[in-house]
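Summary of structural features
Here is how the chains run, residue by residue.
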Amino acid sequence: MAGSGLGSRAGASDLDEEAPAPGMAVAAQVSLAVAAKACRENFPVALRVLPRAWRADLTALYGFARLVDDIGDEPLPGMPADASPQAIRATRLRLLDDLKRDVATIYDGGRPELPAIRALQRTIDANNIPRQPFDDLIQANRQDQLVSRYETYADLAKYCELSANPVGQVVLYIVGAATPERLRLSDSICTALQLIEHWQDVAEDLGNGRIYLPREDLARCNVTEADLARPAASPDVVTLMTFETNRARALLDAGAPLAGTLKGAARLAISGYVAGGRAALAAIAAAGYDVLRRTPKPGKAATLRNMVSCYVRGR
C-alpha cells in the first residue's frame, strides 16, 4: 500500500542470518517472491503518504498477507509440472500449517524461521497485536483449498470473517485505534470490500474453479453455474448481481462512520478503503451489472472523489 517492500522492514541482515529449515524452504522462496513483488505494486507506493512510524508495520502486514495468499494461489517453487491437483493441494495445506506454526513461535517467545514472519514479529511486539487475526488469514486460505462453493450467504460471511476482517483489525492496532466499536465498524467495511472484489471477479473466479455467489441466491434468481460461464450476463444474472452489490453497499455504508472516529492519516487511510469500495460498486453499476463481459474497474478520479467525500463527511 516505495519501493523497498519487505526489504525495508526485514533488512539484508534478516535475509542472511540463517536459512530456514528444509520443510520451510518453499515458503521461504515464496516469501522472497512476495518481497520482490511488493516493489512493483501500489501498496508500497501508497505507504509514502502515511506517517513513517506506520510504514514498516503496514509493509510487514502486507508481506504476511501476500505470503499467505501466494502459498494458497500461486505456482509453488519446486512442484513438478505434472503434479496432480491433489498433490498440489496437499502441499499448499502443509505449507499453510508450517506458516501457522511459524507465527505461533512469536507468541511462544521464540524466533520465527521466515524473514517475513520475523518482520511481522517486530510489528506484533510494537503494537501488541493478538494472534487470532493472523491465524484467521491462514485459515481462510486453507478453506480456499477445500471449499469452492458456498450454500448460503451466512456461510460466505463467515469466510469473509477469516479472509478480510483480520486485515482491518490489524491495521487498527497499528494506528493505535483498536477499540471494540471501531473493530466492529472495520469488520463491516472489510466484509463489504471482500464481497465487492468477489462480485467484480465472478468470471475469473469461475475460471479458477470457485464460485463465491451463494447457491441460495443463485436459486432465488434462477441462475445456474452455466449462466455464469457465458460471455455476457443474462437478465437473471443482472438481477442477481444487482442484489449482491446492493447488499455489499449496505455493509460498506454501515462501516463507513469509522472514518469519522479517526483523525489525520488514519482517517485518510480508512477513507481510501471506503472510497475504493464505493468506486468499484459504481463501476459495476456503470457496466449494467454485467460482470461477465469484463471486470468492472473504477478510475482513479472516481476513487479520489469518493475519498475526499468520505474524509470530509466522516462516513
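Residues numbered from 1 in each chain as written. Predicted model: local features only at pLDDT ≥ 70, side-chain atom pairs only at ≥ 80, totals over all residues. Heavy atoms only, no water.

On to helix H15 (residues 264–286). Between the first and last C-alpha of H15 there are 32 Å, a value that for 23 residues agrees with the 33 Å anticipated at 1.5 Å per step. Gly-288 lies just past H15 and shows a positive phi near 70°. (Helix = DSSP H or I, 4+ residues; strand = E, 2+ residues; numbered from the N terminus. Expected span 1.5 Å × (residues − 1).)

Right, let's get into the nonpolar core. Core analysis: the largest hydrophobic core is formed by 73 residues, its most contacted members being Phe-64, Leu-99, Trp-199, Leu-213 and Met-241. When neighbours within four sequence positions are excluded, Phe-64 is seen to be in contact with Leu-99, Val-103, Ile-117, Leu-120, Phe-134, Leu-137 and Ile-138. (Core = buried A, V, L, I, M, F, W, Y, C linked by side-chain atoms within 4.5 Å. Buried < 20%, exposed > 50% of the residue type's maximum accessible area, 1.4 Å probe, protein only. Contact = heavy atoms within 4.5 Å.)

If you walk through the whole model with that rule in mind, you get 15 salt bridges. When the shortest N-O distance is used, the salt bridge between Arg-66 and Asp-70 registers 3.5 Å. On the criterion of helical spacing, the pair formed by Arg-66 and Asp-70 is a turn pair, its members being four residues apart in helix H4 (residues 52–73). Considered together, Arg-66 and Asp-70 belong to a single accessibility category, that of buried residues. We note a salt bridge from Arg-220 to Asp-217, for which the minimum N-O separation is 2.7 Å. Of this pair, Arg-220 and Asp-217 both sit in helix H12 (residues 215–220), three residues apart, which is roughly one turn of that helix. For Arg-220, a relative accessible area of 53% corresponds to the exposed category. Through salt bridges that share partners, Asp-217, Arg-220, Glu-244 and Arg-247 make up one connected network. (Salt bridge = Lys/Arg side-chain N within 4 Å of Asp/Glu carboxyl O.)

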